[in-house]
Amino acid sequence: MHKSLAYILSAMCLGAIASCSDDEGNPEQNSGVYDFVTLDSKSNAGSIFTLQKSGDSDLITYESSYTFANDSTLAEGDRLIIKYLRDGGEPYTSGKITLQGYRYLDNYPQQIVRDTVMNLVNTPSEPIKVTSLTRTGTYLNLQAQLSCQVTSTPSLFCLISSQEKADDEVPQVRIVYIASQPGENFMTAYASWDVSALWNRETCQAIDVIYETPTGQEAQTFKKQ
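Each value, and the rule that gives it
Residues numbered from 1 in each chain as written. Predicted model: local features only at pLDDT ≥ 70, side-chain atom pairs only at ≥ 80, totals over all residues. Heavy atoms only, no water. Helix = DSSP H or I, 4+ residues; strand = E, 2+ residues; numbered from the N terminus. Buried < 20%, exposed > 50% of the residue type's maximum accessible area, 1.4 Å probe, protein only. Contact = heavy atoms within 4.5 Å. Pairing = 2+ DSSP bridges. Axes fitted to C-alpha atoms, helices over the stretch in contact; angles between N-to-C directions. Salt bridge = Lys/Arg side-chain N within 4 Å of Asp/Glu carboxyl O. Phe/Tyr/Trp six-rings, centres within 6.5 Å; stacked < 30°, edge-to-face > 60°. Lys NZ or Arg CZ within 6 Å of the ring centre and 35° of its normal.

Quick look at the overall build of the protein chain
From N to C terminus, the protein chain includes 1 helix and 15 strands. Taken over 225 residues, the protein chain has a buried fraction of 47%. Across the protein chain, every contact between residues at least 6 apart in sequence was considered, and the portion connecting residues at least 24 apart equals 64%.

Looking at the sheet that holds strand β9 (residues 128-136)
The strand order across the open sheet built from 3 strands is β9-β10-β13, with neighbouring strands paired in antiparallel fashion. Two strands lie at the open edges of the sheet, namely β9 and β13 (185-194), each paired on one side alone. Averaged over neighbouring strand pairs, the angle between their axes works out to 15° when direction is ignored. Bridge count for β9 against strand β10 (residues 139-148) is 8 bridges, and the pairing is antiparallel. Bridging from a neighbouring strand, K129 pairs with Q145 of β10.

Some words on the pattern of salt bridges
Evaluated as defined, the whole model comprises 3 salt bridges. The residue R135 makes a salt bridge to D56 at a minimum N-O spacing of 2.9 Å. Remark: D56 occurs in the loop between β4 (46-52) and β5 (59-64) and R135 occurs in strand β9; sequence separation between them is 79 residues. The exposure class of R135 is buried, given its relative accessible area of 8%. Between D167 and R201 there is a salt bridge; the shortest N-O distance is 2.7 Å. You can see D167 sitting in the loop between β11 (156-161) and β12 (172-178) and its partner R201 sitting in the loop between α1 (196-199) and β14 (206-213), a full 34 residues away along the chain. Assessed through its relative accessible area of 27%, R201 is described here as partly exposed.

A closer look at the sheet that holds strand β8 (residues 113-114)
If you trace the 5 strands from one edge of the open sheet to the other, you get β8-β11-β12-β14-β15, paired in mixed fashion. The strands lining the two open edges of the sheet, one partner per strand, are β8 and β15 (216-223). Across 6 bridges, β11 lies against β12 in antiparallel orientation. Paired with S161 across the bridge in β12 is V173.

What about the packing of aromatic side chains?
Within the structure shown, the criterion is met by 8 aromatic pairs. Residues Y62 and Y84 carry aromatic rings whose centres are separated by 4.8 Å and whose planes lie at 50° to one another, so their mutual orientation is tilted. Within this pair, whereas Y62 is found in strand β5, its partner Y84 is found in strand β6 (residues 79-86), the two being separated by 22 residues in sequence. Y84 shares its class with Y62; the two are buried. An aromatic cluster is built from F49, Y66, F68, Y102 and Y104, whose rings are joined through pairwise contacts. Across the ring face of Y139, the terminal group of R79 is positioned such that the distance to the ring centre comes to 3.8 Å. The side chain of K224 reaches across the aromatic face of W199, ending 5.7 Å from its centre.

Considerations on unusual backbone geometry
The omega torsion across Y108 and P109 is -5°, close enough to zero to call that bond cis. Among the structural elements, P109 can be located in the loop between β7 (95-103) and β8. You will see that F68, though not glycine, has its phi angle at about 60°, which is positive. Relative to the helices and strands, F68 is located in the loop between β5 and β6. The phi torsion at Y92 lies on the positive side, around 70°, for a residue other than glycine. Among the secondary structure elements, Y92 is positioned in the loop between β6 and β7.

Some words on the environment of N44
As for its position among the elements, N44 is in the loop between β3 (33-43) and β4. By relative accessible area, which is 79% here, N44 ends up exposed. For N44 and F68, which are 24 residues apart along the polypeptide, the C-alpha to C-alpha distance reads 8.5 Å.

Have a look at this one:
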């Protein structure tokens, strides 16, 4: 079932995703849905993914026969992007799916980091071009163009917060990106961060996300509904 390091090109510009099927010539391969999900569990019997379509919508559970037997990189609880078909039902309804492919995310770690960790308080970020920044539940999901010389794994790509301001009504978090090979080109990247450490605080009313762009600093606010 698993085709190691095979790739499917996505019309949605998701880049390359590891293929889970031998049917690359099947036209249905092009009709799959792409989503940020959490790998809730994996076993010899298959895998389970959870996601929310948007904001505070209901939690959706997908069941797949794919076992990740040939992939020791992903662990339970990790975020990733999957390409799939919903078997016998509409997307965004819980049930069985056919997993067509998956893509690792480019950020690490996948949780907020305090600014005192790794001495990030005054760490400058290189510019990014945000294509999409959305919230699903307690996750912030990002699609962006990262400045670089050539496409390569970032030296640092994380979301940091100030411990001193964690109880603010609108705490600020900052995307910090450092290229392994800085340059004036850009590469497509995907990230998802668990912000529950701030979002679930009783004092939190919203979160401000700050990031550097080629034309200066920008911000996006996510309010509790």
